[in-house]
Amino acid sequence: MVAMLLTKLAVTVVGVSGSVSVISGGGMDLTAMDSLAKGVAEREMEPASVGDTTTPWSIDQGAAASAQRADAASTDWMTWDAWASVFGWIMFVTVVQNPGHSMNRKYLSMSGTISVAALIIEPRIDSFVLRLCCMSLCSVIVAVPLLRRVVKGATDCQSAKSTKTKKCEPVPCQPGSLASMVEISVKNKDLDRAVDFLQQMVDEGCVVNAGLAVQVVIAFVKAGRLEAAERWLTWAIRSAVKVDVATVNSVLVALSRQGNADRIERCIQTVVEFGLEINVATYNAAIVACAKAGCLARAERWLAAIEAAGMHPDVATYQGLLDTCLKTGDAGTASRYMKRLLASGLTPSTSSFNLIIQCCARTGNASEAEQWIQCMGTHGVEADATTYGVIIDGLARNGQVSRAEEWVQKMHASSVAPSLASYNALINALARSGQAEKAEQWLQAMHGRGVVPDLVTYNAVINACAKAGDVVKAEEVLKQILASGMRADMISYNAVIDACAKAGSLQRAVGCLDRMMQNDMKPNVVSFNSVINACARVGDPNTAEATITRMQRAGVTPNVVTYSAMINACVKCDDVPRALGWLSEMRSKGVRPDVVTYTTLAQPFAKAGDWREVEKFMGMLEEDGLVLNEYCYAALLMSYASSNPKQSDKAEIAFEKMVKSGVPANRVVAGILLRVLGRPRARAVCLNLGLDLATLMAQAAPRPGERRPTTAARR
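Reading guide: rules and limits
- All residue numbers here refer to positions counted from 1 along the written sequence of the relevant chain.
- Reporting of local features is limited, given that this is a predicted model, to residues whose pLDDT is at least 70; pairs of side-chain atoms are given and counted only at 80 or more, and all residues count toward the totals for whole chains, interfaces and linings.
- Computation of side-chain values covers all heavy atoms of the structure but excludes hydrogens and water.
- Think of it this way: any DSSP run of H or I at least four residues long counts as a helix, any run of E at least two long counts as a strand, and we number them from the N terminus.
- Note on contacts: a residue pair is in contact if any heavy atoms of the two residues lie within 4.5 Å.
- The accessible surface values rely on the Shrake-Rupley method and a 1.4 Å probe; as for residues, cover is taken only from the protein chains in view.
- Only the six-membered ring of Trp is used, alongside the rings of Phe and Tyr, when aromatic pairs are assigned; centres must lie within 6.5 Å, and planes under 30 degrees apart are stacked while those over 60 apart are edge-to-face, with the rest tilted.
- Summary of the burial criterion: residues with accessible area below 20% of their type's maximum are buried, those above 50% are exposed, and those between are partly exposed, where the area comes from a 1.4 Å probe applied to protein chains only.
- In this scheme, the term charge over a ring applies when either NZ of a lysine or CZ of an arginine sits within 6 Å of the ring centre and within 35 degrees of the ring normal.
- Note on definitions: salt bridges are taken to be side-chain nitrogens of Lys or Arg within 4 Å of carboxyl oxygens of Asp or Glu.
- What pLDDT expresses is the predictor's confidence in each residue, scored from 0 to 100.
- Throughout, a disulfide means two cysteine sulfur atoms within 2.5 Å of one another.
- For helices, the fitted line uses only the C-alpha atoms of the stretch in contact; every axis is such a line through C-alpha atoms, and the angle between N-to-C directions lies from 0 to 180 degrees.
- In this scheme, roughly parallel covers angles under 35 degrees and roughly antiparallel covers those over 145, while 65 to 115 is roughly perpendicular and the rest are oblique.
- Helix crossings are classified by the rotation of the near helix relative to the far one: an anticlockwise turn of less than a right angle makes the crossing left-handed, while a clockwise turn makes it right-handed.
- Asp, Glu, Lys and Arg are counted as charged, while Ala, Val, Leu, Ile, Met, Phe, Trp, Tyr, Cys and Pro are counted as nonpolar; the rest, among them Gly, fall into the polar class.
- Here, expected helix span is obtained from the residue count minus one, scaled by 1.5 Å.
- Here the arc refers to the directions that run from the helix axis out to each C-beta atom.
- Within 3.5 Å is the distance limit for a polar contact, defined as a pair of N or O atoms, with the added protein rule that one can donate a hydrogen and the other accept it, and that residues adjacent in sequence qualify only through two side-chain atoms.
- Nine residue types can take part in a nonpolar core, namely buried Ala, Val, Leu, Ile, Met, Phe, Trp, Tyr and Cys, and a core is a set of them joined through side-chain atoms within 4.5 Å.

**Student:** Is there a simple way to explain the overall build of the protein in this structure?
**Tutor:** Helix and strand counts for the protein come out as 38 helices and zero strands. Here the analysis covers contacts within the protein between residues at least 6 apart in sequence; of these, 66% occur between residues at least 24 apart. In the structure as shown, the protein presents an accessible area of about 36400 Å², 56% of it carried by carbon and sulfur atoms.

**Student:** How should I be thinking about the packing of aromatic side chains in this particular structure?
**Tutor:** Within a pair of aromatic rings, the relevant descriptors are the distance that separates the centres and the angle that separates the planes. Enumeration according to the criterion identifies seven aromatic pairs in this entry. For the ring pair Y563 and W582, a centre distance of 6.1 Å and an interplane angle of 45° mean the geometry is tilted. Taken together, the residues span a long stretch of sequence, with Y563 in helix α29 (residues 560–572) and W582 in helix α30 (residues 576–588) at a distance of 19 residues. Exposure remark for W582: the relative accessible area of 14% places this residue in the buried category. Taking the centre distance of 6.3 Å and the plane angle of 50° together, the rings of W611 and Y640 count as tilted. Placement of the pair is W611 in helix α32 (residues 611–623) and Y640 in helix α33 (residues 630–642), with a sequence separation of 29 residues. We note that W611, like Y640, is buried. Over the face of the ring belonging to Y337 we find R336, whose NZ or CZ atom lies 4.8 Å from the ring centre. One residue, K410, lies across the ring of W407, its end atom 4.0 Å from the ring centre.

**Student:** In this structure, what is going on with the pattern of salt bridges? I would like to understand it.
**Tutor:** Pairs may arise between side chains of opposite charge once their charged atoms sit close together. Applying the stated criterion across every chain, the model contains 22 salt bridges. Here D190 and R193 are joined by a salt bridge, their closest N and O atoms 3.9 Å apart. According to the relative accessible area criterion, R193 is partly exposed, its value standing at 48%. In this structure, the salt-bridge partner of R340 is E307, at a minimum N-O distance of 2.3 Å. Taken as a pair, R340 in helix α16 (residues 331–343) and E307 in helix α14 (residues 296–308) lie far apart in primary sequence, 33 residues in all. Beyond isolated ion pairs, a larger network of salt bridges with shared partners links D262, E265 and R298.

**Student:** Would you mind going over the confidence of the model for the protein with me for this structure?
**Tutor:** A low pLDDT means the predicted coordinates there should not be read in detail. Residues of the protein with pLDDT of at least 70 account for 73%, and the chain-wide mean is 77. When the criterion is pLDDT under 50, residues 92–103 qualifies, and its contacts beyond four places in sequence or with other chains add up to 15 contacts. In this model residues 703–715 is a low-confidence stretch, pLDDT under 50, and it forms 26 contacts with partners more than four residues away in sequence or in other chains.

**Student:** What is the right way to read the state of the cysteines from this model?
**Tutor:** In protein structure, a disulfide is the covalent linkage between the sulfur atoms of two cysteines. A complete count under the given rule lists zero disulfides for this structure. Not part of a disulfide, C570 finds its nearest cysteine sulfur in C573, a span of 5.9 Å.

**Student:** Explain the packing of α33 against helix α34 (residues 648–660) here, please?
**Tutor:** Any two packed helices are characterised by the angle at which their axes cross and by the distance between the axes. With their axes 9 Å apart at the nearest point, α33 and α34 run at an angle of 170° to one another. With respect to each other, α33 and α34 are oriented roughly antiparallel. Note on packing geometry: the crossing formed by α33 with α34 is left-handed. Judged by residue contacts, Y633, L636, L637 and Y640 of α33 engage K650, A651, A654, K657 and M658 from α34. Residues of the contact of α33 with α34, tallied by class, amount to seven nonpolar, no polar and two charged.

**Student:** Even after reading the chapter, I still don't get unusual backbone geometry, so can you show me in this structure?
**Tutor:** Across the chain, the bulk of peptide bonds are trans and the bulk of non-glycine residues have phi less than zero. Of note, the bond from N644 into P645 is cis; its omega dihedral lies within 30 degrees of zero at 5°. Here P645 is to be found in the loop between α33 and α34. The backbone of K189 shows a phi angle near 60°, a positive value even though the residue is not glycine. Inspection of the secondary structure assignment puts K189 in the loop between α7 (178–187) and α8 (191–203). Positive phi is not limited to glycine here, since A240 has a value of about 65°. Tracing the backbone through its elements, the reader meets A240 in the loop between α10 (226–238) and α11 (245–257).

**Student:** Any chance you could explain α34 here in plain terms?
**Tutor:** Since the α-helix advances by 3.6 residues per turn, residues separated by three or four positions end up pointing in the same direction. The terminal C-alpha atoms of α34 lie 18 Å apart, and with 13 residues this matches the ideal 18 Å at 1.5 Å per residue to within 8%. Every buried residue belonging to α34 is among S648, A651, E652, A654, F655 and M658, and all of these are buried. Down the axis of α34, the sector holding all buried residues measures 165°, keeping them to one side. Turned more than 90 degrees from where α34 packs its buried face, D649, I653 and K660 sit exposed. Phi for G662, located one or two positions after α34, is positive at around 90°.

**Student:** How should I be thinking about the side chain of R263 in this particular structure?
**Tutor:** Looking at where R263 falls in the secondary structure, it is placed in helix α12 (residues 261–273). Residue R263 is classed as buried on the basis of its relative accessible area, which comes to 16%. Within the local environment of R263, its side chain forms a polar contact with the side chain of E230, the two groups lying 2.9 Å apart. R263 has contacts with L226, E227, E230 and L255, leaving out every residue within four places of it along the chain.

**Student:** I'm lost on the environment of C465 in this one. Help?
**Tutor:** With respect to the secondary-structure elements, C465 resides in helix α23 (residues 455–468). Excluding residues within four positions of it along the chain, C465 makes contact with A436, D470, K473 and A474.

**Student:** For this particular structure, what's the right way to read the nonpolar core?
**Tutor:** Most often, soluble globular proteins keep nonpolar side chains buried together rather than apart. Among the nonpolar cores identified, the biggest contains 190 residues, and V182, I357, I392 and F655 are the most heavily contacted of them. Leave out the neighbours within four places in its chain, and F655 touches A665, V669, L673, V685, C686, L689 and L691.

**Student:** Help me understand helix α18 (residues 366–378), please; the structure alone is not making it clear to me.
**Tutor:** Its 13 residues place the ends of α18 19 Å apart at the C-alpha level, agreeing with the 18 Å of an ideal helix rising 1.5 Å per residue. Three or more residues of α18 are buried, namely A366, A369, E370, W372, I373, C375 and M376. Where the residues of α18 are buried, they touch α16, α17 (350–362), α19 (385–397) and α20 (401–413). Among the residues trailing α18, G380 stands out with phi positive, at a value near 75°.

**Student:** What is the right way to look at the packing of α34 against helix α36 (residues 679–688) in this model?
**Tutor:** At a minimum axis distance of 11 Å, the contact between α34 and α36 shows a crossing angle of 25°. Relative to α36, the element α34 is oriented roughly parallel. α36 is crossed by α34, and the crossing has right-handed handedness. Touching S648, D649, E652 and F655 of α34 are R681, V685 and C686, all from α36. The class makeup of the residues in the contact of α34 with α36 is three nonpolar, one polar and three charged.

**Student:** Looking at this structure, how should I read the side chain of S185?
**Tutor:** Note on placement: S185 falls in helix α7. Those residues in contact with S185 that lie beyond four places of it in its chain are D190, R193, A194 and F197.

**Student:** Got a minute to help me understand the environment of A445 in this structure?
**Tutor:** Considering the arrangement of structural elements, one finds A445 in helix α22 (residues 436–448). Given a relative accessible area of 24%, A445 falls into the partly exposed group. Residues A445 and Y423, spaced 22 residues apart in sequence, show a C-alpha to C-alpha distance of 9.3 Å.

**Student:** How should the environment of L455 be read in this particular structure?
**Tutor:** For L455, the position within the fold is in helix α23. Taking the C-alpha atoms as reference points, L455 and A488, 33 residues apart in sequence, are found 7.4 Å from one another. Setting aside anything within four residues of it in sequence, one finds L455 in contact with I481, M486, R487, A488, D489 and S492.

Quick look at the structure:
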């Protein structure tokens, strides 16, 4: 820097010295210059004589004047060539020192303009005074900005020495320059251009104040470009720009919504390292990120950091911890933090209680959840629709449908308006338990309370009807969807088709698939599989094959469920060769058979007592890396019981293998074992394995749909 400034100063001195030497070499003093100026002025102002017919500034006079000026050029110290050379050398040296600087580019353009102007204007100027004024003006134009830069650089370097820094302070950008362009770009939401201008400011050494940095960071946060926001925030902090805590927290809160716990931790470490201010909200953002990631131990470490910094956790801190406990399903820790919140003297919000209630309800602690609702009233916090919704949803998820219905009744009795989410949670629970009638009753209750059902509500009711095999009600609910102005979705149609399949109504299933396609709803693999499953229930392999062809034409690829249902349709009509042909077909398509496929193929052979074929299928199953379940062992035992003679020893070995491998014995398996071994031997085998035959036989018989793994159940 010092060398550069000295070079600039030396060039300036050389230019001035050259001018003085030209004056001295011409042998002219100020008096001679004044006389020359007066003579030239009088000659130019002298009027033409009366008889003179020569036109002023004729061609001859112009040629004579040009020759006269050429003769005087050797002794005239104000030659344009000398001055243009000085200006050119000054500009050349300045630009060579830093060719990329915008001011140097301006100087280069200026010097070129002056040189061209000298070549054009010089032949037309006869007045020495005008030439002197023009030359002085050009000198000022070039010299003043250069001298200002020299003086400014010297001042900055002197200031840098006084502050013991090794380089000059950045030059502040003037109003209307790059800083203004950054602000305008941010206002126009052109963040890429704003970054370009900001980067140019950094490259040219301009000062970036805190306000400008904050604008850019906040703009990136609002635009959802968190990586850029974090990058420029870190740059501002490391560049000693005093960023306020609100800006830091805005970035951390945005990152916390995405669960970026690692990035938040790095950002906080940078803030602390450079001594910037942080508060409880800073740590709360980190705890929220831990909640999103489901990391309770990490959230507790941030709580310890708050206390180590001499700060006090607030309600938001405890809510973040409660949310983390909810994500991890730790109701015990959630209760501990809720009690700590109440003991701290802070006033918990409704959201705080809702979190602990939801955590207890989802983990099956319904009694504790109800106690926290009572605690809300003790602390003067009123329950809202979310409070009732979370406990109803928690009870419904755990299969406590009756208690969920009781809380819906309590919600009706309170001043809280029933919410759609509460009804949907209850109806979904009823649908899972197959209580179609009650689900339809609560749908009517919604209408009576003025709560408008949505598509989720209707689909849940259709699903309940499908589980109960009530095709008529399922189709009625589908009509209600269309009558309400809503558009039935894939779930709606698939649920109705499934209801038709479970009821064995093949024609209705195919009809529903046709209506689905007529309404511009493209069926998926589940839609076609439900129709094929209906074909399997009625033993119609021809329609099943036609459905697979239709499926492939629609661009839907059959999967293992498709082929298993097709094989089941063939088995139902005792067409075993056809079923084996489809087994070969699915293998040729690269579809790997599963447990349901092999169990379905083994059924006709088991009933016929062909235990060798059943053992063959079970061997293929194990070769494919699959594990036998209770349905596989049931088929194997059935083949031993149906053979002639009965294979008692093989049945006993198979049963022992099943129990020792951890497969649970049920009433169906125990009944087949009793049939093949007889009661005394079967009782003894069970006792040796720690089982009681009477207890197994007393178990409730599985529902028809659970006796063997059907395609619909697996789907």
